[in-house]
Amino acid sequence: METDAKGEEAEKEEEEPSPPKTRGGKERPGPRGGKERPGAEAAREKAAAEKAARDKDEDDAEAKDGTNDSEDGANDVQKEKDVEAKEAKDSKESKTASPFPEPNRPGSLSVKETVLFLSKLAHLTRLGREVTQTTEWEEKLLGTLHSLCAFGGHAEAHSTPDPSTPTLRQEVFQKVERNHLLGLRTRHPELRKKFFALYHGAVGQSLFHRLQFVLAGQEWDAMADTFWLKQGLDLILSTLAEDEKVTLAPNSARVPSLLPERGDDGGVDDAERRALASDPKSGGPPPPRPPPRPTGRDAPKRPNEKTKAMLDRHAAFVHGVASLRVANLVGPLREVATRNAHVAYYLWVLVFPIVWATLRREEQMQLAKPMIALLSKEYHQRQAAVRPNVVQALLEGISLSQPQPKIPSELIKFLGKTYNAWHIAIALLENHVVRYPQEARCFDALAELYRLLGEQDVLVGLWRQRCNSEVTRVGLALTQHGHWQEAQDVFFRGMQRASAGQVTGVTKTELCLWETNWLESAKQLNQWELVSDFARSVDHTELQLHSSWRQNDWQGVKDLLPTSASTSEVEETPELYVIRVYTALNSGRVAEAEQCWKQAVKLLLDRWWRLPELGAAAHVPSLHSFQVLVELQESTRVLVELSNAQRPQHQNPGHCRTLIQDVMETWRLRTPNKWDPVPWWNEVLTWRGYMYNIIAGAGKSLTEIHPQLLHHGGHQLDQLGLRDRAWGINKLASAARRRGMGETAVAILAKQQGHIEVQEAFSKLREQSKACLEMEGETITGLNALETTSLDFFHAHHKAELFRLKGQFQERAGDGDGAHASYATALSLCKQLSKAWISWGEFCGRQGRRSAAVAEGQRRAAAAAAA
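Residues numbered from 1 in each chain as written. Predicted model: local features only at pLDDT ≥ 70, side-chain atom pairs only at ≥ 80, totals over all residues. Heavy atoms only, no water.

1. Examining the overall build of the protein
Regarding its fold elements, the protein presents 38 helices and zero strands. Within the protein, contacts between residues separated by at least 24 positions form 66% of all contacts whose residues are at least 6 apart in sequence. Here the protein displays about 49,800 Å² of accessible surface, and carbon together with sulfur accounts for 54% of that area. (Helix = DSSP H or I, 4+ residues; strand = E, 2+ residues; numbered from the N terminus. Contact = heavy atoms within 4.5 Å. Areas by Shrake-Rupley, 256 points an atom, 1.4 Å probe, with all protein chains shown as cover.)

Here's what the structure looks like:
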């Protein structure tokens, strides 16, 4: 017993060390509050319990056997030594350093402070600072983070754990790792596997819990700039039974084995084959038995060494494939998916409908709202320019799922046009239109996507299914075939009746369609004054801007344009920045024009990138906008050259004139396509006309500043400006006439002012005559215009063309002899004019058929009279 007392005193001396002394012999104060460490207290309690048990055992042993006192005493001494060693070991382990901070130790961090400190480091890493992008930083930070999140600790198995340890582990994992996702973002495979194991253990093993964690449980803001669905895909694929064999699907084609599996006859008799065929769990009958091998003389010869080696290799390959497990296939696929966004995209689209079909109806309904909330997250914007992106994968997975969850139509429309998921969104909305025909929101969203993609025919078909008024059907049919004047009249009458309250059963959306198409008809008919009046009446700023600059109302444009984009009530589109460039160039602010031009190019490239890869109709408006931007850049260059040439000290004004002439010649060769709409022609040629006026005005001042330019050959800049301005008006009128808009063409030609060259005067007269020929009731007007025009200044082939047109007017007026004489005059002036020959031949044919018809009528009348 003396030994036990000495052992207890030794334990107390070990467990309660004397306070350390500081300099000067003074003792240092103990821990905060005088409390002992929890590990030391637990070790002392454990030692006391073991001592009590040992004393009891010793008393029992003395009572049973009193003859072996000396031997028992030796055993007791040995036991006491073993107990002391064990207690010392436990005390040492209890004092082993833990990765968790000890809140009572001086200088240590509390749980809250530890979490805050790690969060600051994680945020600094996400900012991408140079010091945080090294391998050493990442390994140390992630290593510490993982040790705190995954500490299972050897000390916990032998001693009472710190009460704050579970709280710290949970806080670090929830508030640091799950908020910043550093472990899943790392490029180091081993570190990522360790962190993925944490998520794998923290999420339930069922497919519902995994999908719920991906869609609602985890906030993916920290990985929003990457294709983070690959992490969710990895969580779902990790639930597969990886130890199962890879087998073919039940509906796969199977052929008999080339090698017998059990003996020569396959080891399966007919009775067993029938039993297997009748058993539904057997997977069907085995392959048919191969025919018996021939023997004797008919037996096949043994294969040579090369053939045998080849068959052996093939057999080894077949056996190797047969032993594959699910892990052998899915494991590499998961690794590739974590590194390749395209593979992860297609795997998600393939797996999500399968997982969704396995869920119960209640589980599907429980995930519907979190799915809508996930699609509405703002952080997806960081992936808007990435292909493929998360929104595309989510929408396509939803579109292939059955039953399909219902997503709000407005959300689908926004996601489709923002994240380049046009056709996926259209497929979803078309399904919604069929499933929910009474919801107008689905129709409106689908119609908007069709309009943005330029699918006018499909848009008309959609409206013909849902419209309630005959005005809509007739007006859309007219616009679809390019009869803009008639369509404008139809829509205008419908709007008048609606304003008077004479229309019933028409929705507000359909009334807006009438107004939109009436405005589009006015633009196509070049009625920008009418558009401007309407825009002012409804206070539509964007329409006022587009109509004002086309009418040279630059002061009105300056008043309407906001001073900055931050205070603008109008959406900052490429078209708005183009108008800013127009205004800046008109005011001579070249530097400001260049800045706005760069911003317009950027926005236009962003719009182009958001368009679908397939389909040309959606890209055509952007191509036209690019042409406008190119011409604005050339206009800036022309203005700079004119400004430089107008300085008296300029050394080479002739070079500036040559550069300007080159630009003007390029503009003549580069016109919009013949099939492009009239508003596009109007935009290009109207701005050119403004530039031609500037060139013509500056050309006169150039000749005054630099008289030597008069001695250069060719036209002067003022003459070129006036000539090309007249040419632009004639081209615009021609574009309108080719689309059957004769009145519009005549109205455009009426803008020709001042003296113009002979060539352009001829073009004007020819376009005016052709427009009158296509208009009803304008025959006399066109004929009078030709007869009152002096032809002395025109060339012979110009006179011949005008006489040919005069003959067509005379024929339409019923003057056959006059038309014959005009055609003959045209051919006598220019025998090489092929159109005159064709027109004269067609005229003669019509005259012959008309004479024959008259003679036949007279003969029948005479026969009837004789009868």
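2. Observations regarding the pattern of salt bridges
All chains considered together, the criterion is met by 34 salt bridges. Measuring nitrogen to oxygen at the nearest pair gives 3.7 Å for the salt bridge that ties E760 to R668. Remark: R668 occurs in helix α30 (residues 653-669) and E760 occurs in helix α34 (residues 758-774); sequence separation between them is 92 residues. With relative accessibility at 5%, the residue E760 sits in the buried group. Overall, R668 belongs to the partly exposed group, its relative accessible area being 21%. Connected through salt bridges with shared partners, the residues R192, D234, E242 and R334 form a single ionic network. (Salt bridge = Lys/Arg side-chain N within 4 Å of Asp/Glu carboxyl O. Buried < 20%, exposed > 50% of the residue type's maximum accessible area, 1.4 Å probe, protein only.)

3. Some points on the environment of K194
Within the secondary structure, K194 sits in helix α8 (residues 189-202). Taking the C-alpha atoms as reference points, K194 and A150, 44 residues apart in sequence, are found 9.0 Å from one another.

4. A few points about the nonpolar core
It is characteristic of soluble globular proteins that their nonpolar side chains tend to be buried jointly. Counting 92 residues, the largest nonpolar core has V172, L211, W228, L229 and W348 as its most contacted members. Examining the composition of this core, we find that nine residues originate from one element, helix α14 (residues 341-358), more than from any other. Counting 58 residues, the second largest nonpolar core, distinct from the first, contains V570, I695, L717 and W727. (Core = buried A, V, L, I, M, F, W, Y, C linked by side-chain atoms within 4.5 Å.)

5. Digging into the packing of α30 against helix α32 (residues 717-738)
Each pair of packed helices gets described by two things: the angle between the helix axes and the distance between those axes. Running from N to C, α30 and α32 cross one another at 10°; their axes reach a closest spacing of 11 Å. With respect to each other, α30 and α32 are oriented roughly parallel. Here R657, I660, Q661, M664, W667 and R668 of α30 lie close against α32, whose contacting residues are L717, L720, G721, R723, D724 and W727. Considered class by class, the residues forming the contact of α30 with α32 number six nonpolar, two polar and four charged. (Axes fitted to C-alpha atoms, helices over the stretch in contact; angles between N-to-C directions. Parallel < 35°, antiparallel > 145°, perpendicular 65-115°, else oblique. Nonpolar A, V, L, I, M, F, W, Y, C, P; charged D, E, K, R; others polar.)

6. Topic: the confidence of the model for the protein
Residue-level pLDDT values for the protein average 81, and 79% of them are 70 or greater. Taken element by element, the predicted model of the protein shows its lowest mean pLDDT in helix α1 (residues 2-15) (44) and its highest in helix α16 (residues 390-399) (96). Within the model, the stretch residues 90-100 combines pLDDT values under 50 with 17 contacts to residues more than four positions away or in other chains. Segment residues 262-268: pLDDT under 50, and ten contacts once partners within four positions in sequence are set aside and those in other chains are kept. (pLDDT = per-residue confidence, 0-100.)

7. Here we look at helix α22 (residues 484-499)
Think of an α-helix as 3.6 residues a turn; residues three or four steps apart then line up on the same face. Compared with the 22 Å implied by 1.5 Å per residue over 16 residues, the 22 Å span of α22 between its first and last C-alpha is a close match. Phi turns positive, to about 80°, at G501, one or two residues after α22. (Expected span 1.5 Å × (residues − 1).)

8. Some words on helix α33 (residues 742-749)
Turning to α33, its buried residues are G742, T744, A745, I748 and L749. For α33, the buried positions fall inside an angular range of 160° around the axis, keeping them on one side. Of the surrounding secondary structure, the elements contacted by the buried residues of α33 are α32 and α34. (Arc of directions from axis to C-beta.)

9. Description of unusual backbone geometry
Cis rather than trans, the peptide bond between R387 and P388 has omega equal to -5°. Assignment of secondary structure puts P388 in the loop between α15 (361-375) and α16. Of note in the backbone geometry, D539 takes a positive phi value of approximately 60° without being a glycine. Looking at the secondary structure, you find D539 in the loop between α24 (528-538) and α25 (541-550).

10. Some points on the environment of V246
With respect to the helices and strands, V246 occurs in the loop between α10 (229-237) and α11 (270-278). Overall, the relative accessible area of 38% leaves V246 in the partly exposed class. With 83 residues separating them in the primary sequence, V246 and L329 have C-alpha atoms 8.1 Å apart. For V246, the residues in contact, after removing those within four places along its chain, are L324, R325 and V326.

11. Concerning the side chain of S238
Among the structural elements, S238 can be located in the loop between α10 and α11. Accessibility expressed as a relative area gives 12% for S238, which makes it buried. Within polar-contact distance, the side chain of S238 engages the backbone oxygen of L235 at 2.7 Å. Ignoring anything within four residues of it in the chain, the contact list for S238 reads F196, H200, R210 and R334. (Polar contact = N/O pair within 3.5 Å; in protein donor to acceptor, adjacent residues only side chain to side chain.)

12. As for the packing of aromatic side chains
Throughout the structure, instances matching the rule amount to 20 aromatic pairs. Judged by centre distance (6.4 Å) and plane angle (25°), the ring pair of F492 and W518 falls under stacked. Residue F492 is found in helix α22, and its partner W518 is found in helix α23 (residues 508-524); the two are separated by 26 residues along the sequence. Aromatic side chains F762 and F794 sit 6.4 Å apart centroid to centroid with 65° between the ring planes, which places their arrangement in the edge-to-face category. Here F794 lies in the loop between α35 (779-787) and α36 (796-812) and F762 lies in helix α34, a separation of 32 residues in the sequence. Of the residues examined, F762 reaches a relative accessible area of 4% and is grouped as buried. (Phe/Tyr/Trp six-rings, centres within 6.5 Å; stacked < 30°, edge-to-face > 60°.)

13. Comments concerning the packing of helix α21 (residues 470-480) against α22
α22 packs onto α21 with a crossing angle of 160° between their chain directions and a minimal axis gap of 8 Å. Overall, the two elements α21 and α22 adopt an arrangement that is roughly antiparallel. Pair α21 / α22 crosses with left-handed handedness. The residues of α22 that touch α21, namely those facing V471, V474, G475, L476, L478 and T479, are W484, E486, A487, V490, F491 and G494. (Left-handed = near helix turned anticlockwise from the far one by under 90°.)

14. Let's talk about a nonpolar patch on the surface
Residues V246, F317, V318, V321, L324 and L329 make up a contiguous nonpolar surface patch of roughly 510 Å² in combined accessible area. No other element matches the three residues that helix α12 (residues 305-322) contributes to the nonpolar patch. You can see V321 is positioned in helix α12. (Patch = residues over 30% accessible without salt bridge, like charges linked within 9 Å, V, L, I, M, F, W, Y side chains within 5 Å.)

15. A word on the side chain of R192
Its place among the elements puts R192 in helix α8. Classification of R192 as buried rests on a relative accessible area of 12%. Side chain to side chain, R192 and Q231 meet in a polar contact 2.9 Å long. In this structure, R192 is in contact with G183, L184, T186, Q231, D234 and T338, ignoring residues within four places of it in sequence.

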